[in-house]
Each structure stands twice: as structure tokens, then as C-alpha cells.
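Architecture at a glance
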Amino acid sequence: FLFQTPEQNRKEAGVEIAAYAGENGIADLTGCLNFYDTDQVIEEVKNGKLFALIFVLMAAVDLFLCSLLIYGVKLLSDYGATSRKYDLLSSLGMKKRQRKKSIRTETSGDIWISLGLSFVIAGIYTICNYHVFSEHGRNLGEGFLIRWLIMAAGYLLLNGIAAEIYTRVLQKLLIREDISR
């Protein structure tokens with residue numbers, strides 16, 4: 001409930017409402033200083049949305065960096081086994097290109113399986129929230145699901161690029177190790 005008070009009367013209305021609230025013991029339970037100044041209320045709503053956006057972006061960056069760290073640790077922990085497999089493939093006479101492809105398929109498969117599963121779970125969660133918000137009359141805006149798909153595709157793309165970089169580094173390490181023997 002916002003009051004449409006003309007701008008020239010807002011100060012007086014605020015004083016009168018504050019005096020009335022003080023006389024009658026009305027506590028401010030809303031967290032908003034006043035409702036006679038619609039500009040202030042709208043500004044507070046915008047600030048709340050900005051805070052939510054920044055929080056979500058920070059959480060997304062944090063999750064992305066955590067996924068990179070986990071994938072890097074996994075590759076490092078599997079390095080010995082991967083090196084032995086690479087040596088075995090080399091001793092069996094497999095060409096360098098085929099060995100690289102085999103290692104790429106094995107190492108990048110792990111990240112794509114986990115990313116695919118996380119994408120499905122996030123999609124289910126988002127669709128459920130969308131329906132709950134819609135049932136309770138809260139509009140998430142036109143094109144919400146499209147924007148979500150674009151952001152999710154960007155996240156998948158970034159993780160795919162990171163997986164490719166990790167895989168190429170691993171391949172170079174294995175080839176360098178193979179040459180040094």
C-alpha cells in the first residue's frame with residue numbers, strides 16, 4: 001500500500017503520519033521508513049533487487065571456481081593412473097593422435113557427466129520455483145526461462161572451456177613425460 005502524495009505535500013504528510021504513529025503506538029514492522037514517499041519505496045525495492053543480483057553472481061562465480069578446483073584436484077589425483085594408461089597405449093603401438101584422443105575422451109567425460117547432471121537438477125529446481133512463484137502471484141518477468149537457459153549455457157560453455165584447458169595441459173604433461181623416457 002503506497003500513498004500517492006503530491007511531491008510538495010510529502011514532507012508535511014510524513015510528519016503527520018509519524019506523529020499519528022507516535023501518538024497511537026504504531027510500530028514500524030515493515031522495515032520501510034515511510035509509505036507516503038513512493039520514490040523512496042521504489043528505490044528500496046531496486047536496491048533489494050540489486051543486492052540479490054550481486055549475491056547470485058558472487059555465488060555463481062564461487063561455484064564455478066570450486067568446480068574448477070575440484071576438477072583440477074581430480075585430474076592431479078588420477079595423474080599416475082592416466083600416465084600408466086598412456087604408457088600402455090604407447091607400448092601397444094597406438095599412434096600419438098589416438099592416445100591423445102583416448103585421454104581427452106576419458107578425462108573430459110567426467111566433467112561433462114557432472115555438468116549434465118547439475119544442469120538437469122538446476123533446471124528442475126528453476127521450473128519448480130517458477131511455478132511456485134507464479135501460483136503465488138509473483139511474476140518473475142517475461143523471458144525468465146530464456147534468460148536462465150542463456151546463463152546456464154554460458155556456465156556450461158565456461159566449464160567446457162576450462163575442461164578443455166585442463167585436458168590439453170594433461171596431454172602435454174603426458175607427452176613430455178613420454179618423451180623424457
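This section reports on the structure supplied with the text. As the structure is a computational prediction, the values presented were derived from the model and not from experiment.

Rules behind the numbers
Residues numbered from 1 in each chain as written. Predicted model: local features only at pLDDT ≥ 70, side-chain atom pairs only at ≥ 80, totals over all residues. Heavy atoms only, no water. Helix = DSSP H or I, 4+ residues; strand = E, 2+ residues; numbered from the N terminus. Buried < 20%, exposed > 50% of the residue type's maximum accessible area, 1.4 Å probe, protein only. Contact = heavy atoms within 4.5 Å. Areas by Shrake-Rupley, 256 points an atom, 1.4 Å probe, with all protein chains shown as cover. Core = buried A, V, L, I, M, F, W, Y, C linked by side-chain atoms within 4.5 Å. Expected span 1.5 Å × (residues − 1). Arc of directions from axis to C-beta. Axes fitted to C-alpha atoms, helices over the stretch in contact; angles between N-to-C directions. Parallel < 35°, antiparallel > 145°, perpendicular 65-115°, else oblique. Left-handed = near helix turned anticlockwise from the far one by under 90°. Patch = residues over 30% accessible without salt bridge, like charges linked within 9 Å, V, L, I, M, F, W, Y side chains within 5 Å. Salt bridge = Lys/Arg side-chain N within 4 Å of Asp/Glu carboxyl O. Polar contact = N/O pair within 3.5 Å; in protein donor to acceptor, adjacent residues only side chain to side chain.

1. Things to note about the overall build of the protein
Each helix and strand in the protein was counted, giving five helices and zero strands. Counting from the amino terminus, the protein carries its helices and strands in the arrangement α-α-α-α-α. Per-residue burial for the protein yields a buried fraction of 22% across its 181 residues. Here the analysis covers contacts within the protein between residues at least 6 apart in sequence; of these, 72% occur between residues at least 24 apart. Accessible area of the protein: about 13500 Å², with a carbon and sulfur share of 67%.

2. Considering the nonpolar core
Counting ten residues, the largest nonpolar core consists of Tyr71, Leu75, Tyr86, Ile103, Ile111, Leu115, Ala163, Leu170, Leu174 and Ile175. Elements represented by at least two residues in this core include exactly helix H2 (38-77), helix H4 (96-135) and helix H5 (144-180). Considering every element that reaches this core, the biggest residue donor is H5, with four residues. Excluding anything up to four places from it in sequence, Ile175 contacts Tyr86, Lys96 and Lys100.

3. Focus: the side chain of Thr126
Its location among the elements puts Thr126 in helix H4. On the accessibility criterion, Thr126 (9% relative accessible area) is buried. Excluding anything up to four places from it in sequence, Thr126 contacts Phe144, Leu145 and Trp148.

4. Section: helix H3 (residues 79-91)
The first and last C-alpha atoms of H3 sit 18 Å apart over 13 residues, in line with the 18 Å expected at 1.5 Å per residue. Along H3, the positions that sit buried rather than exposed are Thr82, Ser83, Tyr86 and Leu89. Buried residues along H3 cover an arc of 125° about the axis, so they all sit on one side. Of the residues in H3, the exposed ones pointing more than 90 degrees away from the buried face are Arg84 and Ser91. Following H3 by one or two positions, Gly93 adopts a phi angle in the positive range, close to 90°.

5. Remarks on the packing of H3 against H4
It is the contact of H3 with H4, at a shortest axis distance of 10 Å, that shows an interaxial angle of 150°. Considering the angle they form, H3 stands roughly antiparallel to H4. Between H3 and H4 lies a crossing of right-handed hand. Residues Thr82, Lys85, Tyr86, Leu89 and Ser90 of H3 form the contact with H4, whose own contacting residues are Lys96, Arg99, Ser102, Ile103 and Glu106.

6. Let's talk about a nonpolar patch on the surface
Taken together, Leu157, Leu158, Ile161, Ile165, Val169 and Leu173 make up a surface patch of nonpolar side chains, about 540 Å² in accessible area. Relative to the assigned elements, Ile165 resides in helix H5.

7. With respect to the side chain of Thr107
Tracing the chain through its elements places Thr107 in helix H4. Only 2.9 Å separates the side chain of Thr107 from the backbone oxygen of Ile103, close enough to count as a polar contact. Among all residues touching Thr107, those that are not within four sequence positions of it are Tyr71, Leu75, Thr167 and Leu170.

8. Thoughts on the pattern of salt bridges
The final tally for this structure, using the stated rule, is four salt bridges. Glu164 serves as the salt-bridge partner of Arg104, at 2.2 Å between the closest nitrogen and oxygen. In this pair, Arg104 sits in helix H4 while Glu164 sits in helix H5, placing the two residues 60 residues apart along the sequence. Classification of Arg104 by relative accessible area gives partly exposed; the value is 26%. Classification of Glu164 by relative accessible area gives partly exposed; the value is 26%. Residues Glu164 and Arg168 are paired through a salt bridge, measuring 2.8 Å at the closest nitrogen-oxygen approach.

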